[in-house]
Amino acid sequence: MTQRNSITFESVTYLGAETTCGTHPGDGALTRIKIVKGGLLASGFMEAREENPDESQSRYDNPKRTKGLKKGSKWGPLKVQLKSIKTAARLGVAGSLSALSHRVMLKHTFGTEYAAVGCTIGVGSTRTSVVVDSTTGRRAGEIVLVELGSGATAVNKIAAVNDGTHLTMTYPLPSAPDSGGEVRGFYTYAMAEARDKTLTIEQKHVSNAGEEARALGCFASPKLELPELGKVPTWTLEGTCVDWQDGATLADPAFSASTPADDDMGPPMVWQPRVFIGSSIDMQTASRWSLEKMTVDIMVNAEEIPDAAYDSMVGGYMDTGGRENGTAARLSMSVRYDPALESGFTGQTEVSLFLTNTDTNGNVFVLDVGRMYLVEHTKPVTLGKNRRGMSLVYEVGRDTTTTPAGGASAADKDIAWTPVRVALGG
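Residues numbered from 1 in each chain as written. Predicted model: local features only at pLDDT ≥ 70, side-chain atom pairs only at ≥ 80, totals over all residues. Heavy atoms only, no water.

Asker: Which parts of the structure should I look at to understand the overall build of the protein?
Answerer: Helix and strand counts for the protein come out as three helices and 28 strands. On C-alpha atoms alone, the protein measures out to a radius of gyration of 24 Å, which is about the 22 Å that the 2.2 N^0.38 rule sets for 426 residues. With the C-alpha coordinates of the protein rotated into their principal frame, the extents come out at 90 × 50 × 45 Å. Looking at the protein as a whole, 49% of its 426 residues qualify as buried. (Helix = DSSP H or I, 4+ residues; strand = E, 2+ residues; numbered from the N terminus. Rg over C-alpha atoms; globule rule 2.2 N^0.38 Å. Buried < 20%, exposed > 50% of the residue type's maximum accessible area, 1.4 Å probe, protein only.)

Asker: How should I be thinking about helix H3 (residues 410-417) in this particular structure?
Answerer: Since the α-helix advances by 3.6 residues per turn, residues separated by three or four positions end up pointing in the same direction. For H3, the complete set of buried residues consists of Asp412, Asp414, Ile415 and Ala416. Lining the buried residues of H3 we find strand S6 (111-114), strand S13 (187-191) and strand S28 (421-425). (Contact = heavy atoms within 4.5 Å.)

Asker: Would you mind going over the sheet that holds strand S12 (residues 182-185) with me for this structure?
Answerer: Strands belonging to one sheet form pairs held by backbone hydrogen bonds; the direction of such a pair is parallel or antiparallel. Strand order in the open sheet formed by six strands is S7-S12-S9-S10-S11-S8, with antiparallel pairing between adjacent strands. Here the strands that pair on one side only, and so sit at the sheet edges, are strand S7 (119-120) and strand S8 (129-131). Bridge count between strand S10 (residues 152-161) and strand S11 (residues 166-169): three bridges; the pairing is antiparallel. When the bridges of S11 are listed, alanine 160 appears paired with threonine 168. (Pairing = 2+ DSSP bridges.)

Asker: In this structure, what is going on with the pairing of strand S22 (residues 314-319)? I would like to understand it.
Answerer: Side chains on a regular strand alternate between the two faces of the sheet. In terms of burial, S22 is largely enclosed, as five of its six residues are buried. The pairing of strand S21 (residues 302-306) with S22 spans five bridges and is antiparallel. For isoleucine 305, the partnering residue across the bridge sits in S22 and is glycine 316.

Asker: What is the right way to look at the environment of arginine 32 in this model?
Answerer: Among the structural elements, arginine 32 can be located in strand S2 (residues 31-32). Along the primary structure arginine 32 and methionine 191 are separated by 159 residues, whereas in three dimensions their C-alpha atoms are 24 Å apart. For arginine 32, the side chain forms a polar contact with the main-chain oxygen of threonine 259, separated by 3.0 Å. (Polar contact = N/O pair within 3.5 Å; in protein donor to acceptor, adjacent residues only side chain to side chain.)

Asker: Mind showing me how you'd approach the layout of surface pockets here?
Answerer: Left-over empty space is what a probe sized like a water molecule reveals as it rolls over the atoms. Taken as a whole, the largest pocket spans an internal volume of roughly 710 Å³. Lining the largest pocket are 31 residues; nearest its centre among them are Met191, Ala192, Glu193, Gly321 and Pro419. Contributing elements (two or more residues each) for the lining of the largest pocket: helix H1 (101-110), S6 and H3. The dominant element in the lining of the largest pocket, judged by the number of residues it contributes, is H3, at five residues. Of the residues contributing to the lining of the largest pocket, the split by class is 14 nonpolar, eight polar and nine charged. (1 Å grid on protein atoms, 1.4 Å probe; cavity = no way out; pocket = protein on both sides within 12 Å on 5 of 7 lines; lining within 4 Å. Points joined across faces, edges and corners; volume = space filled by probe spheres on them. Nonpolar A, V, L, I, M, F, W, Y, C, P; charged D, E, K, R; others polar.)

Asker: Where do I start with unusual backbone geometry in this structure?
Answerer: Trans peptide bonds make up most of the peptide bonds, and negative phi angles are found at most residues other than glycine. Across the junction of glycine 76 and proline 77, the peptide omega takes the value 5 degrees, indicating a cis bond. One non-glycine residue with positive phi stands out, namely serine 150, at about 55 degrees. Here serine 150 lies in the loop between strand S9 (143-149) and S10. Phi at glutamine 348 takes a positive value of approximately 50 degrees, unusual for a residue other than glycine. Among the secondary structure elements, glutamine 348 is positioned in the loop between helix H2 (340-346) and strand S24 (351-358).

Asker: Just to check I follow, could you spell out the packing of aromatic side chains for this structure?
Answerer: What describes a pair of aromatic rings is the distance from one ring centre to the other and the angle between the planes of the rings. Under the definition given, this model contains four aromatic pairs. Both rings, one in tyrosine 171 and one in phenylalanine 354, keep their centres 4.9 Å apart while their planes meet at 50 degrees; by these two values the pair is tilted. Of this pair, tyrosine 171 sits in the loop between S11 and S12 while phenylalanine 354 is found in strand S24, placing the two residues 183 residues apart along the sequence. As far as the burial class goes, tyrosine 171 and phenylalanine 354 line up, both buried. For the ring pair phenylalanine 219 and tyrosine 317, a centre distance of 5.5 Å and an interplane angle of 25 degrees mean the geometry is stacked. Taken together, the residues span a long stretch of sequence, with phenylalanine 219 in strand S15 (residues 212-220) and tyrosine 317 in strand S22 at a distance of 98 residues. Exposure class is identical for phenylalanine 219 and tyrosine 317. Each is buried. One Lys or Arg, lysine 70, reaches over the ring of tryptophan 244 and ends 4.4 Å from the middle of that ring. The ring centre of tyrosine 337 lies 4.1 Å from the NZ or CZ of arginine 388, which sits over that ring. (Phe/Tyr/Trp six-rings, centres within 6.5 Å; stacked < 30°, edge-to-face > 60°. Lys NZ or Arg CZ within 6 Å of the ring centre and 35° of its normal.)

Asker: I tried to follow H1 on my own but got confused; where do I start?
Answerer: By the criterion of burial, H1 is predominantly enclosed, with eight of the ten residues buried. Where H1 ends, the next residue or the one after it, glycine 111, has phi of about 115 degrees, a positive value.

Written out as structure tokens, the structure reads:
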């Protein structure tokens with residue numbers, strides 16, 4: 001017996017996209033991700049022991065149980081702080097895409113990613129139509145940053161790629177951009193119409209040899225936890241898997257490096273959102289909303305695909321959450337009292353939400369919802385100790401504010417029509 005003490009936050013965690021569900025992609029395809037200390041990958045690993053009900057002449061003669069399957073195994077939860085994009089990974093005209101741990105995480109949990117370097121602004125732009133040297137690489141639904149001139153910038157969403165040199169913005173810009181500036185791309189993530197890709201996730205506790213675990217065929221649901229103002233939001237990753245290994249059973253390929261490594265992401269982003277909600281959001285005149293609380297629930301249903309080739313009897317997953325389960329996503333928030341919001345519920349008024357969270361280095365996180373409406377009557381709530389506020393619950397529908405190009409691919413339609421999109425850039 002070799003009991004020993006170890007510290008849970010002395011650990012390293014890796015993840016990588018699988019080509020085939022349950023098949024390790026190889027160490028070279030794994031990316032180290034910095035999770036919040038103390039998160040345990042193997043906390044939900046299971047292997048059944050089935051009863052053996054053979055007859056016996058003694059009621060105390062209990063036979064050993066039969067080794068069963070790994071069906072029902074879960075992993076996590078693992079928390080990841082919302083972090084910024086380093087300057088070197090920004091997608092300006094001279095930028096380049098970087099392999100980032102948040103890219104692997106967000107592409108899996110949402111299903112679709114779009115990222116491309118920027119373009120140069122030409123002469124003749126207006127607040128809604130931006131002239132560029134080339135629209136190659138631009139997509140309807142893509143989040144971008146537009147340089148307006150004199151150091152001013154504005155984050156926006158592309159409504160349509162009109163031709164080879166014109167982009168239509170969804171929300172009118174604060175001013176027409178000057179020529180010579182940039183339209184910078186963002187790493188944009190959208191809910192895929194078909195989400196069935198899986199991850200390999202592995203974790204090593206470096207205090208002692210043998211304290212390591214690997215989950216194969218992982219299927220996660222996205223959960224963005226938004227804190228009080230001034231704190232750091234987190235992504236929570238947890239889900240199910242088709243197979244797992246831990247300790248002495250950990251099979252080849254060998255575990256990824258456990259030596260110290262710099263984070264591939266920038267610093268954590270403090271929550272100080274700039275929020276606009278309205279039927280028509282004009283960046284020049286729109287009033288900024290003050291949110292005291294906000295939660296975003298994306299409805300995920302991991303439908304198991306049976307396959308006897310696996311010890312779990314599960315060969316993969318398909319996300320069937322959405323219309324058949326009532327809604328794709330729901331937003332709940334608490335705001336200061338505003339009696340005008342009551343008429344929005346009565347009239348089933350559809351509105352858009354555009355939220356940006358910018359740090360001191362110009363890094364931006366974006367949450368965009370093209371179409372939502374109140375599904376619960378506004379309720380009075382108490383904010384703080386004595387201030388009166390309102391509780392709002394919005395249901396989200398497919399984005400109709402963007403127009404994908406004719407003959408667009410399935411991924412391009414995902415980016416254009418997604419009910420909820422998030423993006424990172426700067």
